[in-house]
Amino acid sequence: MVLAPRFLPETERRQGRFDIAGAVLATLGSTALVLSLVNAADFGWTAVLTLVPLVAGVVMLGLFVRVERRAAQPIVPLRLFTSRERSGAYLTRMLYMGAMMGFFFTAQFVQSVYHWTPLQAGLAFLPMTLVNFVLALQVPRLLERAERPLVLLTGVILTTVGMAWPSRLDLHTPYLTGMALPMVLIGAGQGLTLAPLASSGVGGVAPEDAGAGSGLVNTVHQIGSALSLSILTAVAASVSTGHAAADIAARSGTALTGSAVLLALAVVIVLTLIVPARATHNERSLRCRPSSSTTASRCPIRSCEPP
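What this report covers is the structure whose coordinates are included nearby. (Residues numbered from 1 in each chain as written. Predicted model: local features only at pLDDT ≥ 70, side-chain atom pairs only at ≥ 80, totals over all residues. Heavy atoms only, no water.)

### Here we look at the side chain of serine 83
Thought 1: Among the secondary structure elements, serine 83 is positioned in the loop between helix H3 (48-70) and helix H4 (84-99).
Thought 2: A distance of 3.3 Å separates the side chain of serine 83 from the backbone nitrogen of glutamate 85, its partner in a polar contact. (Helix = DSSP H or I, 4+ residues; strand = E, 2+ residues; numbered from the N terminus. Polar contact = N/O pair within 3.5 Å; in protein donor to acceptor, adjacent residues only side chain to side chain.)

### Focus on the layout of surface pockets
Thought 1: Roughly 700 Å³ of volume is contained in the largest pocket.
Thought 2: Lining the largest pocket are 26 residues, and of these Phe64, Leu216, Thr219, Val220 and Ile223 sit closest to its centre.
Thought 3: Put simply, the parts of the chain that give the lining of the largest pocket at least two residues each are helix H2 (20-43), H3, H4 and helix H10 (210-237).
Thought 4: If you tally residues by element for the lining of the largest pocket, the top one is H10, at nine residues.
Thought 5: Residues that form the lining of the largest pocket fall into these classes: 19 nonpolar, seven polar and no charged. (1 Å grid on protein atoms, 1.4 Å probe; cavity = no way out; pocket = protein on both sides within 12 Å on 5 of 7 lines; lining within 4 Å. Points joined across faces, edges and corners; volume = space filled by probe spheres on them. Nonpolar A, V, L, I, M, F, W, Y, C, P; charged D, E, K, R; others polar.)

### A look at the nonpolar core
Generally speaking, soluble globular proteins have nonpolar side chains that are buried together.
Thought 1: One finds Met100, Phe103, Phe109, Val156, Met163 and Met179 to be the most contacted residues of the largest nonpolar core, which totals 33 residues.
Thought 2: When residues of this core are traced back to their parent elements, those giving at least two are H4, helix H5 (103-112), helix H8 (148-164), helix H9 (175-202) and helix H11 (244-288).
Thought 3: Among the elements that take part in this core, H11 stands out by supplying ten residues, more than any other.
Thought 4: Residue contacts for valine 156: discarding those within four places in its chain leaves Tyr96, Thr193, Leu263, Ala266, Val267 and Val270.
Thought 5: Core analysis: the second largest hydrophobic core is formed by eleven residues, Ala32, Met60, Tyr90 and Val205 among them. (Core = buried A, V, L, I, M, F, W, Y, C linked by side-chain atoms within 4.5 Å. Buried < 20%, exposed > 50% of the residue type's maximum accessible area, 1.4 Å probe, protein only. Contact = heavy atoms within 4.5 Å.)

### Comments concerning the packing of aromatic side chains
In this description, a pair of aromatic rings is defined by centroid distance and the angle of the planes.
Thought 1: Taken as a whole and judged by the stated rule, the model has six aromatic pairs.
Thought 2: Between phenylalanine 104 and phenylalanine 105, the aromatic rings sit 5.2 Å apart at their centres with planes inclined by 85 degrees, giving edge-to-face as the arrangement.
Thought 3: Overall, phenylalanine 104 belongs to the partly exposed group, its relative accessible area being 43%.
Thought 4: Within the aromatic cluster, the residues linked to one another by ring pairs are Phe109, Tyr114, Trp116 and Tyr175. (Phe/Tyr/Trp six-rings, centres within 6.5 Å; stacked < 30°, edge-to-face > 60°.)

### Some remarks on empty space enclosed by the protein
Thought 1: Inspection of every chain in the model, using the stated rule, returns one cavity of 30 Å³ or more.
Thought 2: Approximately 50 Å³ is the volume found for the largest cavity.
Thought 3: The wall of the largest cavity is formed by Phe103, Thr106, Pro166, Leu169, Met179, Pro182, Met183, Ile186 and Leu256.
Thought 4: Counting only elements with at least two residues in the lining of the largest cavity, the list comes to H5 and H9.
Thought 5: Ranked by the residues each element gives to the lining of the largest cavity, the list is headed by H9, at four residues.
Thought 6: Of the residues in the lining of the largest cavity, the class split is eight nonpolar, one polar and no charged.

### A closer look at the environment of alanine 236
Thought 1: Topologically, alanine 236 is positioned in helix H10.
Thought 2: Overall, alanine 236 belongs to the buried group, its relative accessible area being 2%.
Thought 3: In this structure, the C-alpha to C-alpha distance between alanine 236 and alanine 41, residues 195 residues apart in sequence, is 8.5 Å.

These figures capture arrangement, not role.
Now the structure itself:
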């Protein structure tokens, strides 16, 4: 923090009013959506306590978009979504981090089915954490040899396979082959995914929007986690076997299946938005690269989006 001013340029200060309306609508709208999903687990999807906050949340988020279009200094500049790669990164991050909420049920599984202590349950996640750490350190070298979307796609696919593997948990699932090995795949996927995903989320952002772009990356992270946990909880609560331990095993498997579906959707978004957008950007960069036979008037470098 002390050395930051030496290496980070100071952003030009601008006078303006805080976007109070946008902040209130975004907060209340997202909160209402989460509340509706939580209530769905307790009262059902057709209950008044589910439908009222759901409708209210959708309306408020719609008003939020309208307010942001007209605000002089919006908290979420809608121009951030003009890039297909950035928009794809926001959606992918929301789904990806939401899928990780499936481990909320896995922690319950190892304590209720394996009868492990909370400390043992925490240590059970070490295979994922260690592999994640090791691969995350190698990502900068990988990005020197491979395109960012390829590394990102590989990471999301590995995570999807790792999440789908233990989705059939039952009372007889062994830890080593039923949980530890899938966690190795998930950890590898996380290590390959998170850094490229963050880069795609802020790539090409104008200097004046850098703060908003970075903040939006973290915002979709939190919203995706909250919404997905509510959805997975509601879906898992619908499963019942009549036996406590068997219920937890079945609900854990159902939640992990839901997480695998979210990750599969993330793979589709990476393939349809991020990969084509980066390919188009690379082609444009090659066309804008000056050569001995190309004049500045025919190829204005300033029109090329930064990598």
